[in-house]
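# A closer look at the structure
Below are the chains, spelled out letter by letter.
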Amino acid sequence: QKLVLLGAMQPGFSPPCPADREKDPEYWRGQAQETLRAALRLQHLNQNVAKNLILFLGDGMGVSTVTAARILKGQLQNHKGEESLLEMDKFPYVALAKTYNTNAQVPDSAGTATAYLCGVKANEGTVGVSAGVTRDRCNTTKGQEVTSILRWAKDGGKAVGIVTTTRVTHATPSAAYAHSANRDWYSDGEMPPDALEGGCKDIARQLVENIPDIEVILGGGRKYMFPKNASDVEYPHEDKHRGTRLDRRDLVQAWHDAKPPGKVAKYVWHRRDLLALNLSRVDFLLGESRHPRVPRPQPCALGDPWPVPGCWGSWSSQLPPGDAGTPKGCCYLQGCPTLGMLQALHEAVELDRAIGLAARLTSPQDTLSVVTADHSHVFTFGGYTPRGNPIFGLAPMQSDVDRKPFTSILYGNGPGYKIVAGERENVSAVDFAHANYQAQSAVPLRQETHGGEDVAVFARGPMAHLLHGVHEQNYIPHAMAYAACIGSNRAHCNAAGRPAAAASILLPFLALLFLLC
């Protein structure tokens, strides 16, 4: 089925009437009673040890984005949308996380990543270090490094993995393994002389050296792994994709050389090579594209193929029918408001597909799955739209100030601010259903900003009930570690009724999936 819900409400259009069952009060009463029965069953707490941990991180996925993505998912299935359920909606426990950084009311992705991965809050722009580190100050880093839940899991004998749809050296995933006074020090080519002279390491080098036995690393940003001006394997004639390393090192080769004798380590850079692997015979996997952030060329229905050769971001929707249950990993392209509201919501739906796949491949009896965001964005939708209104469509009214129509989705700030002939742009004169349309914003900025409100935390599996109420964001990895009997808080692990955690698992049962904004 194709997406047919992207457009303005035509004159005379009226949305479908509610189903007859919704007119019957007994429908709502029965639904509420079933929900009540399900809630009562939660009194029997799942206190098993979590053998597996999965953290799904939708970068910038605020509550308004979750709601809009839920509606989109339903409309892609030819429903009104509001009554639909995302996979994360089915998780029995929900909390709110406070996202501020130690020096910022509205946070950035580096400080928040340090919180939900390392368990401590930090300054904006810094990754894997305490708040004692000042951004850009290499000499404040020593002794302030903090370890992540990925390190705790590895020290606990578990296989670990990072799967991201941005560069693997980006702030969001890099807090899992790196310690840096600046999130932008991707390679030594991006570092200032004083940082290099001070002995600080770039993030790509730390990816290879800090935790050399990460079983799975998949993402983008391969140019930071190769010597400066080295031609890219996929785009040899494009200068912007050439290597950036001043030390002339080939970090992919260094990654391979660091593996123990007898272990099979595979490096891939294209989807075809990934799908050709027999993962039962692979001990370590590194896959890097140039950068998986690619905007959708056109709207497409859920599950439609989206061939972008060499782009890891298109990997999920390129899996052929029947491969959905093949545990070759899950990679889902992210969408940012600077690229358009359509991409942002489609990619939130893609993340939800990954959550559903993981749910089918695992059991809540031994797998703790957590879905959250690092921060929100200034994304909103409103305008008294009627039931079933296309999520990318117009509000049913015009402004009572400038007498112009407006889309339901709007932004508080960003590149969508447009003045035409001294007035707000008339959206009926543009193709607001286009994939690259940027929704109108109240304040002009080249790039839309993060939002400062709390984000949702959805949890399912052993000890998921520990994620409830309103928490500081840095609480998340501590609760997950407690459930899995990893990290420093393990006194409860051999208590009566709680079996000890498994010593080892297959790869990559600790999967960190990230969407970047």
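Residues numbered from 1 in each chain as written. Predicted model: local features only at pLDDT ≥ 70, side-chain atom pairs only at ≥ 80, totals over all residues. Heavy atoms only, no water.

## Side note on the UniProt feature "active site" (unreviewed entry) in the protein
When the UniProt feature table is mapped onto this chain, "active site" (unreviewed entry) is found at Ser109. With respect to the helices and strands, the residue serine 109 is situated in helix 4 (residues 109-118). Judged by relative accessible area, serine 109 falls into the buried class, the value being 1%. Engagement of the side chain of serine 109 in a polar contact is seen with the side chain of aspartate 374, the distance being 3.1 Å. (UniProt positions renumbered as here; feature names shortened; annotations may be inferred. Helix = DSSP H or I, 4+ residues; strand = E, 2+ residues; numbered from the N terminus. Buried < 20%, exposed > 50% of the residue type's maximum accessible area, 1.4 Å probe, protein only. Polar contact = N/O pair within 3.5 Å; in protein donor to acceptor, adjacent residues only side chain to side chain.)

## Focus: the UniProt feature "binding site: Zn(2+)" (unreviewed entry) in the protein
When the UniProt feature table is mapped onto this chain, "binding site: Zn(2+)" (unreviewed entry) is found at Asp59, Asp374, His375 and His450. Judged by maximum C-alpha separation, these annotated positions cover 392 residues in sequence but sit close together in space, the widest gap being only 10.1 Å. Structurally, aspartate 59 is set in the loop between strand 1 (52-58) and helix 3 (63-76). If you trace the backbone, histidine 450 turns up in strand 16 (residues 450-451). Given a relative accessible area of 18%, histidine 450 falls into the buried group.

## Some thoughts on the state of the cysteines
Counting across every chain of the model gives two disulfides. Sequence-ordered numbering of the bonded cysteines in the protein yields a pairing of 1-2, 3-4. (Disulfide = S-S within 2.5 Å.)

## As for the pairing of strand 1
The side chains of a regular strand alternate, residue by residue, between the two faces of the sheet. Most of strand 1 sits inside the fold, with seven of its seven residues counted as buried. Side chains of strand 1 alternate between two faces, with Asn52, Ile54, Phe56 and Gly58 and Leu53, Leu55 and Leu57 buried alike. The sheet contact formed by strand 1 and strand 7 (residues 367-372) spans six bridges and is parallel. Within strand 7, the residue paired with leucine 57 across the bridge is threonine 372. (Pairing = 2+ DSSP bridges.)

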